[in-house]
There are 2 protein chains.
Amino acid sequence: MERRSPAAVKAAVEERPMSRRDVRRLMEQRILHAAAVVFSEAGFDGATTASIADLAELPKANVHYYFGTKEALYKRVLSEILDLWISQMDVFQVENDPAEALAEYIRTKIELSRTYPVESRVFANEVIHGAPYLKRFLRTKLRQRVEEIEGVFAAWADAGQVDKVDAKHLMFTLWAATQTYADFAAQTSAVLGSQQIPDVAADQLTQIVLRGCGVRA
Amino acid sequence: MERRSPAAVKAAVEERPMSRRDVRRLMEQRILHAAAVVFSEAGFDGATTASIADLAELPKANVHYYFGTKEALYKRVLSEILDLWISQMDVFQVENDPAEALAEYIRTKIELSRTYPVESRVFANEVIHGAPYLKRFLRTKLRQRVEEIEGVFAAWADAGQVDKVDAKHLMFTLWAATQTYADFAAQTSAVLGSQQIPDVAADQLTQIVLRGCGVRA
DNA sequence: CCGAAACTTGACCAGTCGGTCAGCTAATTT
DNA sequence: AAATTAGCTGACCGACTGGTCAAGTTTCGG
């Protein structure tokens, strides 16, 4: 059987040539996705570059050609997840309505657990094991961002829109309660008897938090 | 330097002999604790029996003598954690006051995160990776226990002591929000700038949940 | 006090892992 | 179309892992 490069195969199937840049992006995406799946299932140490390569349907040497080391690949996976993660927090602005902001945050955060459970678990695994690669980020960027949000909640409280709350611990609660549907899916699905995250999850959490924080509608 | 058995050393230090049974219990406890620490830091795959042995200050062969395989040792660590975990849920009884039960549950659960962070992380790690060894337990015992609690909340709601709530998702929220201080300690301590779990954590969570669920005092 | 059973441990092994590399093909540039 | 660059991959390697074992030592029932 004739050997053909992935680019050649792809070009033949789609009947148009692929540029080197396209092939590289395609391969990198394929490997990154396979890596996320394997890392989420086995953790950093348990994951093998061979199984990542298998899932991506590539020779192992190819994975190393694109990303060098397993550690570098892991870091790339993590940083892609981080981007998803931080951008969610933008709803907490003084000019926004606290009820709407909280409801929106909970809704999108649980939606993220629904859409990217694999990525969420890689992140959770990293943090559980002491965040060796994310410690710096957590102590600088994340901490700053949370302190800004603390200011937003203080302003809302001053305006009488919401009770005085400890914003840091509120964020911890929100992160935990929303991500549990992705990170601890084995637990929630075992209890619920279903893999699906029902809408009541977000609805009830929103209600509890809004009433619990005395948010004025 | 003269070589002496652990039992002999211990007996010499405490100036009284140790029976075989005592030595065995002592060794098993030492290995189990070391294993919990190593498993929590590296996960099942990342943990090595050699590093467990090092932490327990024993030769590696000794670890295998007492527990056979790494998997058997892991299962023992898990089952010890489970015992801690389930017993907490006994506060949810119809005859108890919902406000007191919830406050007590949150308080003891966060206390557990403070006292046994290592064990909590081993459990979290297991669940994140799909609970290969706990799946059966989650689907039978835990699910049953949660369904009983569901009945308790229904009874409380009928008696007008609390709003109608989805008990399953409330439990998910409570588990997540309390364990986050142990499991994601790298995150919470990075944001708080301290390893300690402040009392406001339990206090605020209790307040939010009580008000959020419309618990009548 | 003696023989059996339990405990201890250094040395060892087969298997697996991350990573390398030579030698090849395909795409791009000149 | 030749030369150069990028992409591809089977075969290989040193390091490490879980687990074994033989040869000892210690404990303890009888």
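Residues numbered from 1 in each chain as written. Chains lettered and ligands numbered in written order. Predicted model: local features only at pLDDT ≥ 70, side-chain atom pairs only at ≥ 80, totals over all residues. Heavy atoms only, no water.

**As for the relation of the copies chain B and chain A**
A rotation about some axis, followed by a shift along it, carries one copy of the chain onto the other. Spelled out, the test is: Copy-to-copy alignment: least squares on C-alpha atoms, limited to residues at pLDDT 70 or above in both. Between two residues, a contact is recorded if the distance between any of their heavy atoms is within 4.5 Å.
Overlaying chain B with chain A gives an RMSD of 0.0 Å, the required rotation being 180° about an axis along which the chain moves by 0.0 Å. Taken together, these values place the two copies in the relation of a two-fold axis. Rotation axis and chain B: the residue whose C-alpha lies nearest the axis is B:G212, separated from it by 2.2 Å. Same-surface contact between copies: 100% of interface residues of chain B are shared with the interface of chain A.

**Observations concerning unusual backbone geometry**
Residue and element names in this part refer to chain A. For clarity, the cut-off: Think of it this way: any DSSP run of H or I at least four residues long counts as a helix, any run of E at least two long counts as a strand, and we number them from the N terminus. Here the term buried applies to any residue with accessible area under 20% of the maximum for its type, exposed to any over 50%, and partly exposed to those in between, with areas from a 1.4 Å probe on protein chains only.
Phi at A131 takes a positive value of approximately 50°, unusual for a residue other than glycine. By the element assignment, A131 lies in the loop between helix 7 (117–128) and helix 8 (135–158). Residue classification places A131 among the buried residues on the basis of a relative accessible area of 0%.

**Some thoughts on the nonpolar core**
Worth spelling out the cut-off: Residue types Ala, Val, Leu, Ile, Met, Phe, Trp, Tyr and Cys, when buried and joined through side-chain atoms within 4.5 Å, form a set referred to as a nonpolar core.
Grouped together as the largest cluster of nonpolar side chains are 143 residues, with contacts concentrated most on A:F92 and B:F92. Broken down by element, this core gets its largest block of residues, ten residues, from helix 2 (residues 20–46) of chain B.

**Things to note about the protein's contact with DNA strand C**
Our working definition: Any residue with a heavy atom positioned within 4 Å of a molecule or strand is treated as near that molecule or strand. The term polar contact refers here to a pair of N or O atoms within 3.5 Å; inside protein, the definition further demands a hydrogen-donor-capable atom paired with an acceptor-capable atom, and it admits residues adjacent in sequence only when both atoms are side-chain atoms.
Neighbouring DNA strand C are 21 residues, the closest being A:K60, A:K70, B:R24, B:Y65 and B:Y66. Sugar and phosphate atoms represent 65% of those atoms of DNA strand C found within 4 Å of the protein. In the environment of DNA strand C, a phosphate oxygen lies 2.9 Å from a nitrogen or oxygen atom belonging to the backbone of A:T49. The side chain of B:N62 places a nitrogen or oxygen atom 3.2 Å from a phosphate oxygen of DNA strand C.

**What to know about the domain arrangement of chain A**
Residue and element names in this part refer to chain A. Selection rule: Domain boundaries shown here were taken from an automatic or database domain assignment. By convention, the term buried area covers the 1.4 Å-probe accessible surface removed from two parts as they join, with the contributions of both added. A carboxyl oxygen of Asp or Glu within 4 Å of a side-chain nitrogen of Lys or Arg is what we treat as a salt bridge.
If you check the domain split of chain A, you get domain 1 (6–68) and domain 2 (75–212). One C-alpha centre belongs to domain 1, the other to domain 2; they are set 30 Å apart. Listed as interface residues are eleven residues of domain 1 and, on the opposing side, nine residues of domain 2. The contact between domain 1 and domain 2 buries some 770 Å² in all, and 70% of this surface belongs to carbon and sulfur atoms. Sorting the residues of domain 1 by area buried against domain 2 places L32, A36 and S40 first, and these three jointly supply 51% of that buried surface. At the junction of domain 1 with domain 2, the criterion picks out zero salt bridges.

**With respect to the packing of aromatic side chains**
All names here are of chain B. Worth spelling out the cut-off: When the centres of two rings from Phe, Tyr and Trp lie within 6.5 Å, Trp using its six-membered ring, the rings pair. Their planes under 30 degrees apart give stacked, over 60 give edge-to-face, and anything left gives tilted.
With the rule as written, the count across this model stands at 26 aromatic pairs over all chains. On the numbers, 6.0 Å between centres and 10° between planes, the contact of F39 with F44 is stacked. On the numbers, 5.4 Å between centres and 65° between planes, the contact of Y74 with Y133 is edge-to-face. Of this pair, Y74 sits in helix 5 (residues 70–87) while Y133 sits in the loop between helix 7 (117–128) and helix 8 (135–158), and the two are 59 residues apart along the sequence.

**Brief notes about helix 5 (residues 70–87) of chain A**
Keep this limit in mind: For a helix, the expected span equals 1.5 Å multiplied by the number of residues minus one.
With 18 residues, helix 5 of chain A ought to run about 26 Å at 1.5 Å a step, and its terminal C-alpha atoms sit 27 Å apart, in line with that. Of all the positions in helix 5 of chain A, only A:K70, A:L73, A:Y74, A:V77, A:L78, A:I81, A:L82 and A:W85 are classed as buried.

**Side note on the interface of chain B and chain A**
The condition is simple: Residues are sorted three ways: Asp, Glu, Lys and Arg are charged, Ala, Val, Leu, Ile, Met, Phe, Trp, Tyr, Cys and Pro are nonpolar, and all the rest, Gly among them, are polar.
Between chain B and chain A, the residue contacts involve 55 residues of the former and 55 residues of the latter. Summed over both partners, the interface of chain B with chain A buries about 4,600 Å², with 65% contributed by carbon and sulfur atoms. Together, B:I128, B:Q187 and B:V191 form the three largest contributors to the area buried by chain B at its contact with chain A, with a combined 15%. Counting across the chain B and chain A interface gives two salt bridges. When residues of the side of chain B that touches chain A are traced back to their parent elements, those giving at least two are helix 2, helix 7, helix 8, helix 9 (167–183), helix 10 (185–192) and helix 11 (199–212) of chain B. Sort the elements by how many residues they give to the side of chain B that touches chain A and helix 9 of chain B lands first, with eleven residues. In the side of chain B that touches chain A, the residues fall into 30 nonpolar, 15 polar and ten charged.

**Some remarks on the pattern of salt bridges**
In this structure the tally under the stated criterion is 27 salt bridges over all chains. A salt bridge links A:E111 to A:R114; its shortest N-O distance comes to 3.3 Å. On the criterion of helical spacing, the pair formed by A:E111 and A:R114 is a turn pair, its members being three residues apart in helix 6 (residues 98–115). Between B:R76 and B:E80 there is a salt bridge; the shortest N-O distance is 3.7 Å. Taken together, the residues B:R76 and B:E80, both in helix 5 and four residues apart, mark about one turn of the helix. Note on B:E80: relative accessible area 37%, which makes it partly exposed. Where salt bridges share partners, they join A:R143, A:E147, A:E150 and A:K168 into one cluster.

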